[in-house]
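# Coordinates in review
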Amino acid sequence: MPRLSSQQLHSLRNDLNIDRLVIELLHIPTQEINALRRFQCPLCGRFHTATHPDTNLARCFDCRKNFNTIELVMVVRQIRFREAVAYLKKHERLLVNRSRPLEPQPALHKPPSTPTSNPRVTSSYPSDAKTIRDQQNQANTTVSSHLTAMKRILNRD
Ligand SMILES: [Zn+2]
């Protein structure tokens, strides 16, 4: 099995609906207690549990343990991490949240690293000799025009 990137593992943990994993894929027994559906903890067999849609974790309050999707598959099916990942990968499409598109998630946005963000690049511009000479010429012209103006003022009286 090829190694999965951390982004792919992140997707397996977060983009696969934990409730659907419990019910539709692992077929873990559930009970409705106080209008809440509880799944049977694979460790202690009790129903003092909950799933959290925000964190996409299943928790057993008696065992004080959170299971992400991969951990839940490992515990229920008694398989190792890589087998659990392969298992989830195989059933990935079945478990993707219906509210989300089935297309692969776009790559994480990285901060732009354009050359202009490097101050050394911007400060070195303009650096070619011709430009510097032009600037010097321009400065000389300005100074001489000032001198001319001053002479005109001085010669006025
Ligand atoms: Zn438990």
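Structure: see above.
How each quantity is defined
- Residues numbered from 1 in each chain as written.
- Predicted model: local features only at pLDDT ≥ 70, side-chain atom pairs only at ≥ 80, totals over all residues.
- Helix = DSSP H or I, 4+ residues; strand = E, 2+ residues; numbered from the N terminus.
- Buried ≥ 20, exposed ≤ 12 C-beta atoms within 10 Å, placed from the backbone.
- Contact = placed C-beta atoms within 7 Å.
- Core = buried A, V, L, I, M, F, W, Y, C linked by C-beta atoms within 7 Å.
- Arc of directions from axis to C-beta.
- Pairing = 2+ DSSP bridges.
- Axes fitted to C-alpha atoms, helices over the stretch in contact; angles between N-to-C directions.

## Structural notes on the overall build of the protein chain
Looking only at helices and strands, the protein chain features 7 helices and 5 strands. Relative to its full complement of 157 residues, the protein chain shows a buried share of 15%. Sequence-distant contacts, at least 24 apart, represent 42% of the contacts inside the protein chain between residues at least 6 apart.

## So, helix α3 (residues 69-77)
Among the residues of α3, Thr69, Leu72, Val73, Met74 and Val76 are the ones counted as buried. Turning to α3, the residues buried within the fold contact α1 (6-14), α2 (18-25), β4 (57-60), β5 (65-67) and α4 (81-90). Where α3 ends, the next residue or the one after it, Gln78, has phi of about 55°, a positive value.

## Here we look at the nonpolar core
Core analysis: the largest hydrophobic core is formed by 16 residues, its most contacted members being Leu21, Val22, Ala58, Leu72, Val73, Ala84 and Leu88. Broken down by secondary-structure element, the contributors of at least two residues to this core are α2, α3 and α4. When residues no more than four places from it in sequence are discounted, the contact partners of Val22 are Ile28, Thr30, Phe39, Thr51 and Ala58.

## Things to note about α2
Turning to α2, its buried residues are Ile18, Leu21, Val22 and Leu25. Axial view of α2: buried residues confined to an arc of 125°, hence all on one face. Buried residues belonging to α2 abut β1 (30-33), β2 (36-39), β3 (49-52), β4, α3 and α5 (92-95). A positive phi of about 50° marks His27, the residue just after α2.

## Digging into the sheet that holds β5
Pairing is antiparallel in the open sheet, where 3 strands are placed in the order β3-β4-β5. In this open sheet, the two strands that pair with only one neighbour each are β3 and β5. Adjacent strand axes in the sheet meet at a mean angle of 25°, parallel and antiparallel pairs treated alike.

## Topic: the pairing of β2
Where β1 and β2 come together, 4 bridges link them in antiparallel fashion. Looking at the pairing, Thr30 lines up with Phe39 of β2. Taking the residues that link successive antiparallel strands as the turn, the β1-β2 hairpin has 2 residues, and the phi of Asn34 there is positive, at about 55°.

## Some points on the environment of Asp15
Note on placement: Asp15 falls in the loop between α1 and α2. Separated by 54 residues in sequence, Asp15 and Thr69 have C-alpha atoms that sit 9.5 Å apart.

## Some points on the environment of Leu12
With respect to the helices and strands, the residue Leu12 is situated in helix α1. A residue is classified by how many C-beta atoms lie within 10 Å of it, and Leu12, with 21 of them, is buried. For the pair Leu12 and Lys89, spaced 77 residues apart in the sequence, the C-alpha separation amounts to 7.3 Å. Sequence-distant contacts of Leu12, that is, excluding residues within four places in its chain, are made with Thr69, Ile70, Val85, Leu88 and Lys89.

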